[in-house]
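An overview of the molecular structure
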Amino acid sequence: TAVVVGGRRNPWQPLSDTWMFNLSSHEWTRGPDLPEACYRHVTCLLKKNKLLILSGKTQSSDAALLLDIEQNRVESIPSQLPVLIAPAADYNTSTRKGVLIGGGCANESDISDHIYIFTYDNDEDKNLKIVDAWQDPLFCRYGAQARFINDNQIVLAGGTGPFLFNARNMIVVLDIRCLLYTSDA
């Protein structure tokens with residue numbers, strides 16, 4: 001199943017709907033509505049049939065939502081993570097650690113230069129907790145992508161920021177154990 005969450009029809013029409021695309025039947029099914037319209041957010045697979053929806057541009061300060069595809073519902077979950085606009089994020093289901101990197105700040109003029117490493121407690125508490133944070137100008141990106149490539153390393157690629165990225169820093173590998181990065185070029 002592929003999932004589409006929120007977004008915008010145009011700059012003045014944010015969306016609150018979710019859609020599921022069945023890869024076998026090639027049919028779309030409407031899912032539950034978000035509590036409010038949301039765009040420039042990021043989603044991560046938290047576990048089978050559960051997606052984490054983080055940050056984005058909304059009217060409230062809800063930083064995290066949990067979309068349960070099986071139960072066809074969306075709920076707000078407690079989170080220590082900041083609300084950022086167009087951050088990069090990913091979640092490693094085997095280590096149960098996630099990352100939230102960069103993204104625009106609420107004032108819409110600053111871009112975060114942090115990586116937040118977080119955990120998801122469990123299905124009972126449903127709480128996102130920051131376990132580590134790291135600051136570097138390299139993380140000052142808006143609209144980047146992040147993906148775990150093993151239990152401790154992620155690839156961070158693309159995005160825009162206050163300085164121009166080049167062949168040495170457009171794509172980097174970050175090791176969240178020792179808080180080091182290397183160029184992938």
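Residue positions are given per chain, counting from 1 as you read along its sequence in written order. Where local features are concerned, this predicted model is filtered to residues with pLDDT of at least 70; where side-chain atom pairs are given and counted, the filter is 80 or more; whole-chain, interface and lining totals use all residues. No hydrogens and no water enter the side-chain calculation; it runs on all heavy atoms of the structure.

Attention now moves to the overall build of the chain. If you tally the helices and strands in the chain, you get zero helices and 15 strands. Here the C-alpha atoms of the chain give a radius of gyration of 16 Å, agreeing with the 16 Å that 2.2 N^0.38 yields for 185 residues. Dimensions of the chain, computed from C-alpha atoms along their principal axes, come out at roughly 45 × 40 × 35 Å. In what follows, a contact means two residues having at least one pair of non-hydrogen atoms within 4.5 Å. In the chain, of all internal contacts separated by at least 6 residues, the share reaching a separation of at least 24 is 40%. Runs of H or I in DSSP of at least four residues are treated as helices and runs of E of at least two as strands, each being numbered from the N terminus. C-alpha atoms define the radius of gyration in this analysis, and the globule rule sets the expected value at 2.2 Å times the number of residues to the power 0.38.

What follows concerns the sheet that holds strand E7 (residues 73–76). For two strands to pair, DSSP has to find at least two bridges joining them. Within the open sheet, the four strands sit side by side as E4-E5-E6-E7. Their pairing is antiparallel. Of all strands in the sheet, those bounded by a partner on one side alone are strand E4 (42–47) and E7. The mean angle between the axes of side-by-side strands here comes to 25°, regardless of whether they run parallel or antiparallel. Of the pairings in the sheet, the one linking strand E5 (residues 50–54) to strand E6 (residues 64–68) comprises five bridges and is antiparallel in character. The residue bridging leucine 51 from the neighbouring strand is leucine 67, located in E6. Axis angles are defined between N-to-C directions and span 0 to 180 degrees, where every axis is a line fitted to C-alpha atoms and, for a helix, only to the segment in contact.

Glancing now at the sheet that holds strand E12 (residues 145–148). Here four strands make up an open sheet; going across it, the order is E12-E13-E14-E15 and the pairing antiparallel. One side of each edge strand has no neighbouring strand; the edge strands of this open sheet are E12 and strand E15 (180–183). Averaged over neighbouring strand pairs, the angle between their axes works out to 25° when direction is ignored. Of the pairings in the sheet, the one linking strand E14 (residues 171–175) to E15 comprises four bridges and is antiparallel in character. Paired with leucine 174 across the bridge in E15 is tyrosine 181.

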